[in-house]
Amino acid sequence: MTETAPRRGDVPQHPEFEAAVAGGSLGSEGPGSAHRYRNLVLGGIAILLLAMAMLTSYSSAFGNPTPNNVQLAVTGDADAIVALEQQGSLDLTVVASARQARAAVLDRDVDGAVVLPAPGKGGVTTYIASGGGRGLGQAISGVGDSIAAKLQTTNTATDLAPLPKKDPVGSVEFYAILFAGLGAALGATVFGRILGTVDTATKFVERSVVLVLYAGLLAGLITLWIDSGLGAVAVGPWAVFGVLWLTGVAIGGAVTGVAALGGTIAALAMTLALVILGNTSSGGPLGIHVLNDFFQALSYVFPQGDALDLLRSVQYFDGAAVAVPIIRLGIWAGAGILLTLTAMLIRTRREAAARSGAGRGTVVLPSTSSS
């Protein structure tokens, strides 16, 4: 037996109920929570924890930058090289000449290079690349100054990849990646609420097209601003656009997959993790190798570090060493596709099992007719 569910008009509603339901008026904050003070306390605590998590993460990563696992090419006096090898913060690569040391920096095989003179002959030459991280470049220059002081000579620092005059700190490119990722993550979450669950092949294609177009629009607007508005693009804007577009597709695709599998709450949780841990582990304008071991390890987990590394390679190193970050961003995009397809498969099997169970539980009664 079935009975008709009560209609909305049969049940008394709060006078501002429409403002609190989906599709209702946005001109009101609604009737409020049924448990006002309990939820007020819980909501306030949640916001405070979020603020403290962001403060802790950003201050821990950027508050006291020190050299850590700096990849340094060295050449010259063997005794001085042996002394450098005793420093645990440096990862040395010995090369045969100053020319090879310079090439290693430009090819992004190392973060910087130090050319050590023979005892009593000339000064120390340090090659840095501020485009790979301003803080990291300053740290390597400091290493050269320290060596020169011990050798009682001078240090000449040469910047092989200088930052543009309109972005002398290297912060614009960091913010470009930050907001490309944040915009893509929030966009993917909102699109999920608007377009609904991806449960068919048609919806999968629809969501993919929307995400790709949105990421392109987002990347285009960011590129337009930092190029025309700030003048911080050192190469052709299309190259920067491509990096930002790939970043948006990778992060937006991954969030879409998480939302398909775990819902909006899971997507928001992942977005928070990207903001709190992903942005800081990228090294920001400082560079990864001035972060501590914890954040350096996270740089291999979250995509912002690869996106920022790719943007720097395009901007300041003529496209050197772009393969690895492109592959890692591609893995993030591919993971999003895989998670979405997995969610579709799980949902399809559940629906099939539900239909099968309903079919087995149906009792067909013989029809009766009056003669």
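For the structure itself, consult the block above.
Structure report, in brief. All figures in this text were calculated on a predicted structure; none of them were measured in a lab. (Residues numbered from 1 in each chain as written. Predicted model: local features only at pLDDT ≥ 70, side-chain atom pairs only at ≥ 80, totals over all residues. Heavy atoms only, no water.)

1. Quick word on the overall build of the protein chain
Across its full length, the protein chain carries 10 helices and five strands. Across the 371 residues in the protein chain, those meeting the buried criterion constitute 39%. Considering only contacts within the protein chain whose residues lie at least 6 apart along the sequence, 67% involve residues at least 24 apart. (Helix = DSSP H or I, 4+ residues; strand = E, 2+ residues; numbered from the N terminus. Buried < 20%, exposed > 50% of the residue type's maximum accessible area, 1.4 Å probe, protein only. Contact = heavy atoms within 4.5 Å.)

2. Brief notes about the pairing of strand β5 (residues 155-159)
Where strand β4 (residues 124-128) lies against β5, five bridges are found, and the strand directions are parallel. Bridge assignment links Val124 to a residue of β5, and that residue is Asn155. Crossover β4 to β5 through helix α4 (residues 134-150) is right-handed. (Pairing = 2+ DSSP bridges. Right-handed = clockwise from strand over helix to strand, strands pointing away.)

3. A word on the packing of helix α5 (residues 171-195) against helix α7 (residues 237-281)
Contact geometry for α5 and α7: axes closest at 6 Å, N-to-C directions at 40°. Accordingly, the angle class assigned to the pair α5 and α7 is oblique. The way α5 lies across α7 gives a crossing that is right-handed. Among the residues forming the contact of α5 with α7, the class breakdown is 18 nonpolar, nine polar and one charged. (Axes fitted to C-alpha atoms, helices over the stretch in contact; angles between N-to-C directions. Parallel < 35°, antiparallel > 145°, perpendicular 65-115°, else oblique. Left-handed = near helix turned anticlockwise from the far one by under 90°. Nonpolar A, V, L, I, M, F, W, Y, C, P; charged D, E, K, R; others polar.)

4. Section: the pattern of salt bridges
Going through the model one piece at a time under the given rule, you end up with four salt bridges. Two residues, Arg108 and Asp309, come together in a salt bridge whose shortest N-O distance is 2.9 Å. Linking Arg108 in the loop between α3 (98-106) and β3 (112-116) with Asp309 in helix α9 (residues 304-316), this pair joins segments that are 201 residues apart in sequence. Since its relative accessible area comes to 27%, Asp309 is described here as partly exposed. (Salt bridge = Lys/Arg side-chain N within 4 Å of Asp/Glu carboxyl O.)

5. With respect to unusual backbone geometry
We note that Asn69 has phi near 60°; this positive angle belongs to a residue other than glycine. We classify Asn69 as partly exposed; its relative accessible area is 33%. With a phi close to 55°, Asp318 is a non-glycine residue in the positive phi region. Locating Asp318 in the fold gives a position in the loop between α9 and α10 (323-360).

6. Regarding the pairing of strand β2 (residues 90-94)
In this sheet, β2 lies alongside strand β1 (residues 70-76) in parallel orientation, the contact comprising five bridges. By the bridge assignment, Gln71 is partnered in β2 with Asp91. Note on the crossover from β1 through helix α2 (residues 78-85) to β2: the handedness is right-handed.

7. Structural notes on the side chain of Asn155
In this structure, Asn155 sits in strand β5. Side-chain polar atoms of Asn155 contact the side chain of Asp145, separated by 2.8 Å. Apart from the residues lying within four places of it in its own chain, the contact partners of Asn155 are Val124, Thr125, Thr126, Ser141, Gly144, Asp145 and Ala148. (Polar contact = N/O pair within 3.5 Å; in protein donor to acceptor, adjacent residues only side chain to side chain.)

8. Things to note about the packing of α7 against α9
Taken N-terminus to C-terminus, the directions of α7 and α9 make an angle of 175°; their axes are 8 Å apart at the nearest point. The angle between α7 and α9 places the two elements in the roughly antiparallel class. On α9, the residues touching Ala239, Val240, Val243, Leu246, Thr247, Leu274, Gly278 and Asn279 of α7 are Gln304, Ala307, Leu310, Leu311, Val314 and Gln315. Each residue belonging to the contact of α7 with α9 can be placed in one class, and the counts come to nine nonpolar, five polar and no charged.

9. Digging into the sheet that holds β4
Taken together, five strands build an open sheet; the order of strands is β2-β1-β3-β4-β5 and the sheet is mixed. The sheet is open, and its two borders are formed by β2 and β5, each paired with just one other strand. Within the sheet, the average angular offset between the axes of one strand and its neighbour, ignoring direction, is 25°. In this structure, β1 lies alongside β3, joined through five bridges in parallel fashion. Across the sheet, residue Ala73 finds its bridge partner in β3, namely Ala113. Seen against the sheet, α4 touches β1, β2, β3, β4 and β5 and runs at an angle of roughly 170° to β4.

10. Thoughts on the environment of Asp79
Counting through the fold element by element, Asp79 comes out in helix α2. Sequence separation between Asp79 and Ala118 is 39 residues; the distance between their C-alpha atoms is 9.3 Å.

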